[in-house]
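A look at the structure
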Amino acid sequence: MLSGGYVEAGDTGRHAVEAGDVLLHRAWESHLDRFDGRGAEVLVLPIADRDTAPLIGRIADPDAIVRLAEQDRVTAARRLLAELTPRPTTPADWPELLARALRDDPDLSLTLWADHLGLHRGSISRGFRQIFGVTPVAFRLVQRTRRALGALQASADPLSAIAYDCGFADQAHMSRAVRGLTKATPTELRRAAGTAL
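To start, this report covers the structure provided alongside it. (Residues numbered from 1 in each chain as written. Predicted model: local features only at pLDDT ≥ 70, side-chain atom pairs only at ≥ 80, totals over all residues. Heavy atoms only, no water.)

1. Quick notes on the sheet that holds strand β3 (residues 21–24)
Taken together, the 3 strands give an open sheet; going across it, the order is β3-β5-β6, and neighbouring strands pair in antiparallel fashion. Since the sheet does not close on itself, it has two edges, and those belong to β3 and β6 (85–86), each with one partner. Inspection of the sheet shows β3 paired to strand β5 (residues 55–58) by 4 bridges, in the antiparallel sense. Across the sheet, D21 pairs through a bridge with R58, a residue of β5. (Pairing = 2+ DSSP bridges. Helix = DSSP H or I, 4+ residues; strand = E, 2+ residues; numbered from the N terminus.)

Structure (structure tokens):
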């Protein structure tokens, strides 16, 4: 972020971003941006997915990265990663707590979670959707799908085993979710990652 500010809510949680902040996104990640009155000026650099994790951080001199990006975007991205200082995030409210809980455990029972906090399940669905643009059930599916994507690219385990380990009803359910997110089948992604059997 070069100037201004906004709040982003998406697959990695909700982040208030100001000048000097850096958000790293993975492939196929979705989010909503709500800009404040100042607007925002953002520099977008391509960074290989294997080099990133869901992360927000800060850099001391964003202008130096911009100047370098004008000459060489790849070198600018490398320097950005080298200078990035991670910024810890603390959930501010229950929608953020629920997003974090679903990222940590996509098998989480929404009813038990709502009961534990004294909230009605319908209220959490509406409130979560207002912040993240999707219901908790849809958010959970994305988390399961991301977990499956990691397994598809990192192992040669059978697709049915990956589907089971990631909490899908069956391999077909996982395949539909993966294709819905990436527009590619698990087999195509696996082949591209070099982990096909």
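2. Focus on helix α4 (residues 110–117)
The complete set of buried residues in α4 reads L110, W113 and A114. The buried residues of α4 occupy one face: seen down the axis, they fall within an arc of 95 degrees. Looking at α4, the residues exposed on the side facing more than 90 degrees away from the buried face are L112, D115 and H116. Residues of α4 that are buried in the fold lie against α3 (94–104), α5 (121–132) and α6 (136–154). Just beyond α4, the residue with positive phi is G118, at close to 75 degrees. (Buried < 20%, exposed > 50% of the residue type's maximum accessible area, 1.4 Å probe, protein only. Arc of directions from axis to C-beta. Contact = heavy atoms within 4.5 Å.)

3. Quick notes on the packing of aromatic side chains
Evaluated as defined, the whole model comprises 5 aromatic pairs. Ring geometry for F128 and F132: centres 4.6 Å apart, planes at 20 degrees, overall stacked. With F128 and F132 both in helix α5 and 4 residues apart, the pair spans about one turn of that helix. By the burial criterion, F128 is buried, and F132 matches it. In this structure an aromatic cluster arises from ring pairing among F128, F132 and F139. (Phe/Tyr/Trp six-rings, centres within 6.5 Å; stacked < 30°, edge-to-face > 60°.)

4. Observations concerning the pattern of salt bridges
This model, assessed by the stated rule, comprises 9 salt bridges. When the shortest N-O distance is used, the salt bridge between D36 and R38 registers 2.6 Å. Among the ionic pairs, R144 bridges to D107, the shortest N-O distance being 2.9 Å. Here the residue R144 occupies a position in helix α6, and D107 occupies one in the loop between α3 and α4, the gap between them amounting to 37 residues. Residues joined by salt bridges that share partners form a network here, namely R14, D93 and E96. (Salt bridge = Lys/Arg side-chain N within 4 Å of Asp/Glu carboxyl O.)

5. Overview of the pairing of strand β2 (residues 13–18)
Relative to β2, strand β1 (residues 3–10) is paired through 6 bridges, and the arrangement is antiparallel. Bridge pairing in β2 links G5 to E18.

6. Points about helix α1 (residues 62–71)
Note on helix geometry: an α-helix contains 3.6 residues per turn, so any two residues three or four positions apart are oriented the same way. All of the buried residues along α1 are P62, A64, I65 and A69. What you see down the axis of α1 is that its buried residues fit within an arc of 155 degrees, all on one side. Projecting away from the buried face of α1 at angles above 90 degrees are the exposed residues E70 and Q71. On its buried face, α1 is in contact with α2 (73–83).

7. Observations regarding the environment of E83
Inspection of the secondary structure assignment puts E83 in helix α2. Given the relative accessible area of 31%, E83 is considered partly exposed. Sequence separation of E83 and V7 is 76 residues, and the distance between their C-alpha atoms is 23 Å. With residues near it in sequence (within four places) discarded, E83 still touches R58, I59 and I65.

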